[in-house]
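# Geometric and topological summary
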Amino acid sequence: MDRIPILKMGNLLLVSIQVDLQDQLALALQDDLSERIVQTGARGVLIDISALEIVDSFIGRMLSTIASLSRLLDAETVVVGMRPAVAITLVELGLHMPGVRTALTLEHGLALLGAEVRVRLPEDESFDDLDADLTEAADPGASPGQAVSGRAPTGRPAPAEGAWTG
Amino acid sequence: MSAARWAGGPAGGEVTVEQTERHPITTEADVVRVRQVVRGLAVTAKMSLVDQTKVVTAASELARNTLVYGGGGSMTVDIVHSGRRRGLRAVFVDSGPGIPDLDLALTDGWTSGSGLGLGLSGSRRLVDDFAIESSPGAGTTVRVVKWSR
């Protein structure tokens, strides 16, 4: 049977549903995702449904189940890219998706997760290195008060969490 | 099947039918095909994108009911005309165990299986005309019509 690919990106898992979902495929995705969350220790799951022309009660339930499962496994799920017509139809259908967070675009979804789970590569110092480089570059000795403006107290670039605190 | 509850056109006018197609619903792949067929006809009937999405979603729910609860069956779908308006009519037929209590089955959240209980009640809200006939042992027939605006 076909599988929907799950991509690992730092400590996030990314799923883009590009096919007309058969029920078994949706169920397989639930199983695969929970396995991958445990396997990778992912803290966030992004599910892109921008290619889905409809979300019926079965697919809606799948998204809800994934959100609940991933929360139990210490990961947050964000569904991104829902089409407006799909949203209108879901409301009329009467489908509630408890626990499912949504964002308009993949970028917004990343920001939403980034604000909560800190997108970082696991056991990889590259982010710290990057921060160190930035700090050096931005702080050549002169006017340190100005150089650190716009930064979090840690010296890390301020996270873009203002509009996405949930 | 009687046409007793076929209410006619949006203004009660005469309805003409064209482009009738019949599709079996015996596998999950058939449910996907039903969605694609209904999408194609909804485009032909010049429905808005939102109405296309609604009628395809309703068809998906009803096709799944036909497969899961009715043990398989078929969908007959056609383009209907009433005056200047066009619409899409889909009839889902199975010869499964039937539904003992239709009022209960049309209640939000009630399910005889493992579903969410939105298949019938939800799809009724997504279409303009909804008729169901069922009795225990005699299968179930659901007929829906969506008119383009």
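Up top is the structure.
As the structure is a prediction and not an experimental result, all values here were calculated from the model.

Analysis parameters
- Residues numbered from 1 in each chain as written.
- Chains lettered and ligands numbered in written order.
- Predicted model: local features only at pLDDT ≥ 70, side-chain atom pairs only at ≥ 80, totals over all residues.
- Heavy atoms only, no water.
- Axes fitted to C-alpha atoms, helices over the stretch in contact; angles between N-to-C directions.
- Helix = DSSP H or I, 4+ residues; strand = E, 2+ residues; numbered from the N terminus.
- Parallel < 35°, antiparallel > 145°, perpendicular 65-115°, else oblique.
- Left-handed = near helix turned anticlockwise from the far one by under 90°.
- Contact = heavy atoms within 4.5 Å.
- Buried < 20%, exposed > 50% of the residue type's maximum accessible area, 1.4 Å probe, protein only.
- Lys, Arg positive; Asp, Glu negative; His and termini not counted.
- Salt bridge = Lys/Arg side-chain N within 4 Å of Asp/Glu carboxyl O.
- Polar contact = N/O pair within 3.5 Å; in protein donor to acceptor, adjacent residues only side chain to side chain.
- Pairing = 2+ DSSP bridges.

### Quick word on the packing of helix 1 (residues 28–44) of chain B against helix 2 (residues 49–68) of chain B
Residues and elements named next belong to chain B. Axis separation between helix 1 and helix 2 bottoms out at 9 Å; the angle between their running directions is 150°. Classified by the angle between their axes, helix 1 and helix 2 sit roughly antiparallel to one another. In the packing of helix 1 onto helix 2, the handedness of the crossing is right-handed. Residue-level inspection shows E28, V31, V34, R35, V38, R39, A42 and V43 of helix 1 in contact with helix 2, the latter providing L49, Q52, T53, V55, V56, A59, S60, A63, R64 and L67.

### Examining the side chain of A:D48
Residue and element names in this part refer to chain A. Checked against the element boundaries, D48 lands in strand 3 (residues 44–48). Despite its burial, D48 pairs with no opposite charge; the closest candidate is R83, at 8.8 Å N-O. Within the structure, the side chain of D48 is placed 2.7 Å from the side chain of S16, a separation counted as a polar contact.

### Re the sheet that holds strand 5 (residues 140–147) of chain B
Residue and element names in this part refer to chain B. What the five strands build is an open sheet, ordered 1-2-3-5-4; its pairing is antiparallel. Of all the strands in the sheet, just strand 1 (16–25) and strand 4 (129–134) have a single pairing partner and so form its edges. Strand-to-strand twist of the sheet, defined as the mean angle between neighbouring strand axes without regard to direction, takes the value 15°. Pairing analysis gives eight bridges linking strand 3 (residues 85–94) to strand 5, with the strands arranged antiparallel. Directly across from V93, in strand 5, lies its bridge partner T141. Relative to strand 3, helix 2 is tilted by about 10°, and along the sheet it contacts strand 1, strand 2 (73–82), strand 3 and strand 5. Each of strand 4 and strand 5 is contacted by helix 4 (residues 119–126), which is oriented at about 150° to strand 4, the strand it contacts most.

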